[in-house]
Amino acid sequence: MSSIKEPVVIHKGLDNIYVKESRICFVDGEASKLFYRGYSIEDLTAHSTYEETAYLLIYGTLPSKAQLQEFMNKIESYRPIDSGILQLLQSLPTTCNALDALRTAVSALGSYDPEPETTSWGVGGMEARIDKSLQILAKAPTIIAAFDRLRNHQDPFPPKPGLSHAADFLYMLSGKVPDAYDTRVMDVALILHAEHEMNASTFSCTVTASTLADMYSIITSGICALRGPLHGGANEAALKTVMEVGDVSNAESYVTQALAEKRRIMGFGHRVYKTWDPRYKILKKVGAELAKKKGDEALFETAVAIENSALRHLAGTPIFPNVDSYSGLVFHMLGIPIDLFTPIFALSRIAGWTAHSIEYLESNRLIRPKALYVGPLGLQYVPIEQRSS
Ligand SMILES: CC(C)(COP(=O)(O)OP(=O)(O)OC[C@H]1O[C@@H](n2cnc3c(N)ncnc32)[C@H](O)[C@@H]1OP(=O)(O)O)[C@@H](O)C(=O)NCCC(=O)NCCS
């Protein structure tokens, strides 16, 4: 039996551990900067679309007009889902968590693919993997919208050809083609959620990819990691807080009490950003405009009051508003049910998960960290009848 001789450093939470070199995303948590493939998030949200950004993340460069058209045509053709997937969604209890429904359906998509496994080696293998991912990326909005309709005892709206990813998702939820403004807001939100370096869900995908698993398993791993409130669920929690607080006049007492009870202010704090999350700034601006356009600024003003109060109380700490402080509010103002916020995060992030999995597989090494054993050794097995209770 060998014993550990060197001092062992435990990297709980894997803070500051690098698992690969990457050309996909750069987050500067001190300078409030975020770049996808070298392009700033401000530039992309001002000029790009979700489809173009997904192409950029997955293939590494901005597409030409023809490449983008081909990419969009492919995604459009992949959007419809098999009737078996619809039956599966229908069989779920109407109380099923929407992210659980997406996770179940994405996992099941693999069993409807006659060839879910692809060789990971060589250019052809990677292309095949990307193609599986595009199938999932294209179908995820259809799945989420269909689940929402079915649980409300309504027939799903099939995807509408000719609509963008953002517009089609909003259309499939309501049956109404959204106007250009709402479509743009949704596009911006999807771009902002498409990628964020090696966070918990992307790492989960990378771990699964490193075993050479199929893309359905890889993307399902990412969805699983989004399930908890510290990663995927914070936008729902942040909006619920705003609704609970209800009015600007209650914001200060809410924040004071929450912090006194050592509760976290949802939509605040980040493992990497120790200053303003650049995505927050963009979404706050979008939220302000959207609230004005919808003619209902009360919730937005309450959110601002909570933010201002929290900033006063947390002054001097590295805890600042993150992307989730206004994303939920923006989705709410677009008429999207609260429990679909995390599934939207997932449907958008499929682009980033794919990009990272493919990049890791290009020089794969099975991810296998260690745990430092600190328990007893050499215990004698005691038959169950002889054990004390
Ligand atoms: C995201 C998050 C998990 C990252 O935190 P982290 O880097 O792991 O930091 P820690 O959990 O170690 O917290 C460090 C300190 O800051 C405090 N803190 C962190 N986030 C806080 C928040 N949102 N509100 C109040 N205090 C917070 C912690 O209580 C802790 O204080 P302590 O040292 O006195 O115990 C954390 O900020 C959080 O829980 N935020 C709320 C959820 C959220 O918005 N998530 C979305 C992230 S995009």
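Quick look at the structure, then. This structure is a prediction, so every number in the text was calculated from the model and none was measured.

1. Thoughts on helix α9 (residues 200–210)
Point 1. Along α9, the positions that sit buried rather than exposed are Ser201, Thr202, Cys205, Thr206, Thr208, Ala209 and Ser210.
Point 2. In this structure, the buried side of α9 is in contact with α10 (215–225) and α16 (341–361).
Point 3. Where α9 terminates, the next one or two residues include leucine 212, which has phi positive at roughly 70°.

2. With respect to the site of the ligand
Point 1. With respect to spatial proximity, 15 residues lie near the ligand, and among them Arg264, Ile265, Gly267, Phe268 and Arg271 are the closest.
Point 2. In the environment of the ligand, a nitrogen atom lies 2.8 Å from a nitrogen or oxygen atom belonging to the backbone of phenylalanine 268.
Point 3. Asparagine 322 places a polar side-chain atom, nitrogen or oxygen, 3.0 Å from an oxygen atom of the ligand.
Point 4. Its free accessible area being 860 Å², the ligand has 65% of it covered by the protein chains.
Point 5. By residue class, the composition of the shell around the ligand is seven nonpolar, four polar and four charged.

3. Remarks on the side chain of threonine 275
Point 1. The residue threonine 275 is located in the loop between α12 (251–260) and α13 (278–294) in this model.
Point 2. With residues near it in sequence (within four places) discarded, threonine 275 still touches Gly29, Glu30, Ala31, Ser32 and Phe320.

4. A few points about the sheet that holds strand β3 (residues 39–40)
Point 1. Pairing within the open sheet is antiparallel, and its three strands lie in the order β1-β2-β3. Bordering the open sheet on either side are β1 (25–28) and β3, each of which pairs with just one other strand.
Point 2. Judged from the four bridges that link them, β1 and strand β2 (residues 33–36) form a sheet pairing that is antiparallel. The residue bridging valine 27 from the neighbouring strand is leucine 34, located in β2.

Cut-offs used in this document
- Residues numbered from 1 in each chain as written.
- Predicted model: local features only at pLDDT ≥ 70, side-chain atom pairs only at ≥ 80, totals over all residues.
- Heavy atoms only, no water.
- Buried < 20%, exposed > 50% of the residue type's maximum accessible area, 1.4 Å probe, protein only.
- Helix = DSSP H or I, 4+ residues; strand = E, 2+ residues; numbered from the N terminus.
- Contact = heavy atoms within 4.5 Å.
- Near = heavy atom within 4 Å.
- Polar contact = N/O pair within 3.5 Å; in protein donor to acceptor, adjacent residues only side chain to side chain.
- Areas by Shrake-Rupley, 256 points an atom, 1.4 Å probe, with all protein chains shown as cover.
- Nonpolar A, V, L, I, M, F, W, Y, C, P; charged D, E, K, R; others polar.
- Pairing = 2+ DSSP bridges.

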